[in-house]
Amino acid sequence: MKKLIALLLAALGLAGAAQANTGGIEWDKFPKEKMSDMAALQNGAKLFVNYCLNCHSAAYMRYNRMRDIGLSEIEIKNNLLFAADKVGETMKVSLDPKDAKAWFGANPPDLSVIARSRADGSKGSGADYLYTYMRSFYRDETKATGWNNMAFPSVAMPHVLWELQGQRVAKFEEMADPHDHEKTTHVFTGKYEQLTPGKLTERQYDDAVADLVAYLQWMGEPAQGQRFQLGVIVLIFLSILTVFAWRLNASYWKDVK
């Protein structure tokens, strides 16, 4: 429990750093219907294991918990179990923290509760942030990795999904500085220029990112679906109980004047 609390606090600290670097960019809305789509969650799990789990761990998530999104242990073992020997193991990585710091400048954070930790009441949910972040990478040769991100400027993480999205550059325009008219600032126009095509079209890539974010959101609280269903059942029960109590009260007091 202490380790989980420490992890959540660390994630919250990283969230603050991320928000401090957002530069005013608006977050896109994550398509929430993905959370009830088992096929989307399964595809998100595949993307997570193939593209994220190389550097980022999910130390508080076990592979066999993916049975809750419709995968059998055989499917998990044959298609998703690359960094462990048993489906009951947690989703850890073999990347040495010292190597990670040398290569990226920081140790990649654990992603167990990443979607929950990135929420910002003024901009949106953690899923909104991640959905925007994974679709905001662009080529920037001034950075060590050769990549930059509009949602998190100067991020140390390279664009791991670039083969799917392709390579592109962000379009900026010069505008007068509102505080000093003699100076100009570069402002993002909201558009990108595609340099090389990816394996997916823009729409397909957005859909794949939505699947990945849906899985990250689910992983932060695997029981959220059952919790929601239980909440609905409890509300229905209380509504029916209220009707019975109302009629019983009326029957009890009908002869009292």
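For the structure itself, consult the block above.
Just so it is clear, the model here is predicted, and its values are computed rather than measured. (Residues numbered from 1 in each chain as written. Predicted model: local features only at pLDDT ≥ 70, side-chain atom pairs only at ≥ 80, totals over all residues. Heavy atoms only, no water.)

> Explain the pattern of salt bridges here, please?
If charged atoms from side chains of opposite charge come close, those side chains can pair. A full pass over the atoms with the stated rule returns nine salt bridges. Its salt-bridge partner being R135, residue D206 comes within 3.0 Å of it at the nearest N-O pair. A residue pair is termed long-range when its members are at least 10 positions apart, and D206 in helix α8 (residues 202–220) and R135 in the loop between α6 (126–133) and β3 (137–139) qualify at 71 residues. Residues K171 and E193 are paired through a salt bridge, measuring 3.3 Å at the closest nitrogen-oxygen approach. Residue K171 is located in strand β5 (residues 166–177), and its partner E193 is located in strand β6 (residues 180–197); the two are separated by 22 residues in the primary sequence. Here K171 falls in the partly exposed class, since its relative accessible area comes to 37%. Taking the relative accessible area as the measure of exposure, E193 reaches 38% and is therefore partly exposed. Several salt bridges share partner residues, and in doing so they unite D28, R135 and D206 into one network. (Salt bridge = Lys/Arg side-chain N within 4 Å of Asp/Glu carboxyl O. Helix = DSSP H or I, 4+ residues; strand = E, 2+ residues; numbered from the N terminus. Buried < 20%, exposed > 50% of the residue type's maximum accessible area, 1.4 Å probe, protein only.)

> I'm lost on the packing of helix α2 (residues 38–52) against α8 in this one. Help?
When two helices pack together, their arrangement is given by the angle between their axes and by how far apart the axes lie. In contact at an axis separation of 7 Å, α2 and α8 are set at 90 degrees when each is read in the N-to-C sense. With respect to each other, α2 and α8 are oriented roughly perpendicular. Mapping the contact onto sequence places A40, L41, N43, G44, A45, L47, F48 and C52 in α2 and A208, D211, L212, A214, Y215, L216, W218 and M219 in α8. Across the contact of α2 with α8, the residue classes tally to 13 nonpolar, two polar and one charged. (Axes fitted to C-alpha atoms, helices over the stretch in contact; angles between N-to-C directions. Parallel < 35°, antiparallel > 145°, perpendicular 65-115°, else oblique. Contact = heavy atoms within 4.5 Å. Nonpolar A, V, L, I, M, F, W, Y, C, P; charged D, E, K, R; others polar.)

> I keep staring at the nonpolar core and nothing clicks. Help me out?
Generally speaking, soluble globular proteins have nonpolar side chains that are buried together. F48, M66, M91, Y133, Y215 and M219 are the most contacted members of the largest nonpolar core, which has 53 residues in total. Considering every element that reaches this core, the biggest residue donor is α8, with eleven residues. Not counting residues within four places of it along the chain, the set of residues in contact with M219 comprises F48, A58, M61, L111 and S112. (Core = buried A, V, L, I, M, F, W, Y, C linked by side-chain atoms within 4.5 Å.)

> Looking at this model, I keep getting lost on the side chain of H159. Mind explaining?
The topology assignment puts H159 in the loop between β4 (147–149) and α7 (162–165). For H159, the side chain forms a polar contact with the side chain of Q165, separated by 2.7 Å. Sequence-distant contacts of H159, that is, excluding residues within four places in its chain, are made with M134, F137, W147, Q165 and Y205. (Polar contact = N/O pair within 3.5 Å; in protein donor to acceptor, adjacent residues only side chain to side chain.)

> Got a minute to help me understand α2 in this structure?
Think of an α-helix as turning once every 3.6 residues; residues three or four places apart then point the same way. With 15 residues, α2 ought to run about 21 Å at 1.5 Å a step, and its terminal C-alpha atoms sit 20 Å apart, in line with that. For α2, the set of buried residues is A40, L41, G44, A45, L47, F48, V49 and C52. At its buried positions, α2 is contacted by β1 (58–62), β2 (90–91), α7 and α8. (Expected span 1.5 Å × (residues − 1).)

> I tried to follow the packing of aromatic side chains on my own but got confused; where do I start?
Centre distance and the angle of the planes are the two values used to describe a pair of aromatic rings. Applying the stated rule across the entire model yields ten aromatic pairs. Ring centres of F30 and Y131 lie 6.3 Å apart, and the angle between their planes is 70 degrees; this geometry places the pair in the edge-to-face category. With F30 in the loop between α1 (2–20) and α2 and Y131 in helix α6, this pair connects stretches of sequence that are 101 residues apart. Each member of the pair F30 and Y131 is classed as buried. Seen in terms of ring centroids, Y215 and W218 are 5.7 Å apart; in terms of plane orientation they differ by 35 degrees. Their pairing is tilted. Residue Y215 and its partner W218 are located together in helix α8, separated by three residues, close to a single helical turn. With relative accessibility at 5%, the residue W218 sits in the buried group. Among the aromatic side chains, those forming a connected cluster through ring pairs are W27, Y129, Y133 and F137. (Phe/Tyr/Trp six-rings, centres within 6.5 Å; stacked < 30°, edge-to-face > 60°.)

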